[in-house]
Amino acid sequence: MALALVVALFSVQCTNDNSDAPDLPTSIDAHFSSGNYQYDGITIPYRDGATLASTQGKLPLVVVLHGQYGSGSDNLSQLRSDAMIRIWHYFASNNIKAVMLAPQCSSRRAWDETKADVDKATTMSEALKALIDHYVANNTKVDPSKIYILGYSDSPQPAGAGGVWRMLSDYTDLFAAGMVVAADPDEEVVAANIAKTPLLVVNGASDVHAVGLELATFIDKVKEAGGEIREVVLNIRSREELCRDAFTAEHLGWVLQF
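In this text, all values refer to a predicted model and were calculated from it rather than measured experimentally.

### Some details on the pairing of strand β8 (residues 199-204)
- Among the six residues of β8, six are classified as buried, and the element is accordingly described as predominantly covered.
- Here β8 shows two buried faces, one formed by Leu199, Val201 and Asn203 and the other by Leu200, Val202 and Gly204.
- The pairing of strand β7 (residues 177-181) with β8 spans four bridges and is parallel. Across the sheet, the residue bridging to Val180 is Val201, located in β8.
- Here six bridges tie β8 to strand β9 (residues 228-234), and the two strands are oriented parallel to one another. For Leu200, the partnering residue across the bridge sits in β9 and is Arg230.

### Digging into the confidence of the model for the protein chain
- Here the protein chain shows a mean pLDDT of 88. Residues at 70 or above account for 88%.
- Note that pLDDT drops below 50 for residues 1-19; the model gives that stretch 48 contacts with residues more than four away or on any other chain.

### Some details on a negative patch on the surface
- Taken together, the side chains of Asp117, Asp170, Glu187 and Glu188 define an acidic patch exposed on the protein surface.
- Relative to the assigned elements, Glu188 resides in the loop between β7 and α4 (191-194).

### Digging into the pattern of salt bridges
- Enumeration according to the criterion identifies eight salt bridges in this entry.
- For Arg166, the salt bridge goes to Asp186, with nearest N and O atoms at 2.8 Å. With a gap of 20 residues between them, Arg166 in helix α3 (residues 159-170) and Asp186 in the loop between β7 and α4 connect regions that are remote in the sequence.
- Ionic pairing is found between Arg230 and Glu250, a salt bridge with its closest N-O pair at 2.6 Å. Linking Arg230 in strand β9 with Glu250 in helix α7 (residues 249-256), this pair joins segments that are 20 residues apart in sequence.

### What about the nonpolar core?
- Ranked by size, the top nonpolar core spans 44 residues in total, and within it Leu61, Ile132 and Trp165 carry the most contacts.
- The element best represented in this core is helix α2 (residues 124-137), accounting for eight residues.
- Beyond its immediate sequence surroundings of up to four residues, Ile132 is in contact with Leu61, Val63, Ile147, Met167, Leu174 and Phe175.

### Points about the packing of α2 against α3
- Between α2 and α3, whose axes approach to 10 Å, the crossing angle comes to 70 degrees. With respect to α3, the axis of α2 lies roughly perpendicular. Across the interface between the two elements, Ser125, Leu128, Lys129 and Ile132 of α2 pack against Arg166, Met167 and Asp170 of α3.
- Partitioning the contact of α2 with α3 into residue classes produces three nonpolar, one polar and three charged.

### Describing the packing of helix α1 (residues 82-93) against α7
- For the pair α1 and α7, the least separation of the axes is 11 Å and the interaxial angle reads 75 degrees. By the angle class used here, α1 and α7 are roughly perpendicular. Along its contact with α1, which presents Ile87, Tyr90 and Phe91, the element α7 presents Ala249, Leu252, Gly253 and Leu256.
- By residue class, the composition of the contact of α1 with α7 is six nonpolar, one polar and no charged.

### Looking at the packing of aromatic side chains
- Per the stated rule, a full pass over the model turns up five aromatic pairs.
- Arranged with centres 6.2 Å apart and planes meeting at 85 degrees, the rings of Tyr46 and Tyr135 form a pair that is edge-to-face. Of this pair, Tyr46 sits in strand β3 (residues 42-50) while Tyr135 sits in helix α2, and the two are 89 residues apart along the sequence. In this structure, Tyr46 and Tyr135 share a single accessibility class: buried.

### A short note on unusual backbone geometry
- Phi is positive for Asp40, close to 50 degrees, though the residue is something other than glycine.
- Mapped onto the elements of the fold, Asp40 is located in the loop between β2 (33-39) and β3.
- Accessibility expressed as a relative area gives 58% for Asp40, which makes it exposed.
- The residue Asn95 is not glycine, and still its phi comes out positive at about 55 degrees.
- For Asn95, the position within the fold is in the loop between α1 and β5 (99-103).
- For Asn95, a relative accessible area of 55% puts it in the exposed group.

### Concerning the environment of Asp29
- Within the fold, Asp29 resides in the loop between β1 (8-14) and β2.
- Given the relative accessible area of 16%, Asp29 is considered buried.
- Sequence separation between Asp29 and Leu76 is 47 residues, and the spatial gap between their C-alpha atoms is 7.5 Å.
- Apart from residues no more than four positions distant in its own chain, Asp29 is found in contact with Arg47, Leu76, Leu79 and Arg80.

Calculation notes
- Residues numbered from 1 in each chain as written.
- Predicted model: local features only at pLDDT ≥ 70, side-chain atom pairs only at ≥ 80, totals over all residues.
- Heavy atoms only, no water.
- Buried < 20%, exposed > 50% of the residue type's maximum accessible area, 1.4 Å probe, protein only.
- Helix = DSSP H or I, 4+ residues; strand = E, 2+ residues; numbered from the N terminus.
- Pairing = 2+ DSSP bridges.
- pLDDT = per-residue confidence, 0-100.
- Contact = heavy atoms within 4.5 Å.
- Patch = residues over 30% accessible without salt bridge, like charges linked within 9 Å, V, L, I, M, F, W, Y side chains within 5 Å.
- Areas by Shrake-Rupley, 256 points an atom, 1.4 Å probe, with all protein chains shown as cover.
- Salt bridge = Lys/Arg side-chain N within 4 Å of Asp/Glu carboxyl O.
- Lys, Arg positive; Asp, Glu negative; His and termini not counted.
- Charge placed at Lys NZ, Arg CZ, Asp CG, Glu CD.
- Core = buried A, V, L, I, M, F, W, Y, C linked by side-chain atoms within 4.5 Å.
- Axes fitted to C-alpha atoms, helices over the stretch in contact; angles between N-to-C directions.
- Parallel < 35°, antiparallel > 145°, perpendicular 65-115°, else oblique.
- Nonpolar A, V, L, I, M, F, W, Y, C, P; charged D, E, K, R; others polar.
- Phe/Tyr/Trp six-rings, centres within 6.5 Å; stacked < 30°, edge-to-face > 60°.

Okay, here's the thing in structure tokens:
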């Protein structure tokens, strides 16, 4: 599914523009069903739901990886961030047909962990890949050529955004496009692999954890490998605020065009 695309790298300095900020609902719990998936000793609770329940035909699958504050085992916390609510609201309020999948990572694990982190045991990225494969195979509504992955980091930990970097690096033919909010790639992420999938990277101008020369160098490597990557830097200080404001209609629309 990897796309051979002309390189387009846009580095944008933006102010905190809330002109399209929606009137968000306070809860989206009722719109999602619950499930659990087990793979090689790892249990992943998840919530899923179609933004237009009565829609016929094949739909895109949008996988959202929560930040650190969504971790746990209650299978609810991943739905209750402003970021997740805003993503759901974008699809629902614009009558965009999609299936959303919101897995939950245990507080003892990490979306971006490596084999070294877990002493060569199964990583969360491997378990997540198995969950996505299982979900697509057993859900006739999903179009396997239109799987998108979004992730954000609402704390100093890479969390969901780090998980997106890991998934795009490890599984180059799985996703149509991705979006990373507030995390730079670690040393295990391969630029040539990232180049296989269109990617939007959103960071805060004051975020010392995610904006710097290392990220700029990595993006240059992705560009040199022929990737389509867009970087947006918002003039926002806190990660919580950034994760809420990053998921605008313009940004989500950019991802979904692929």
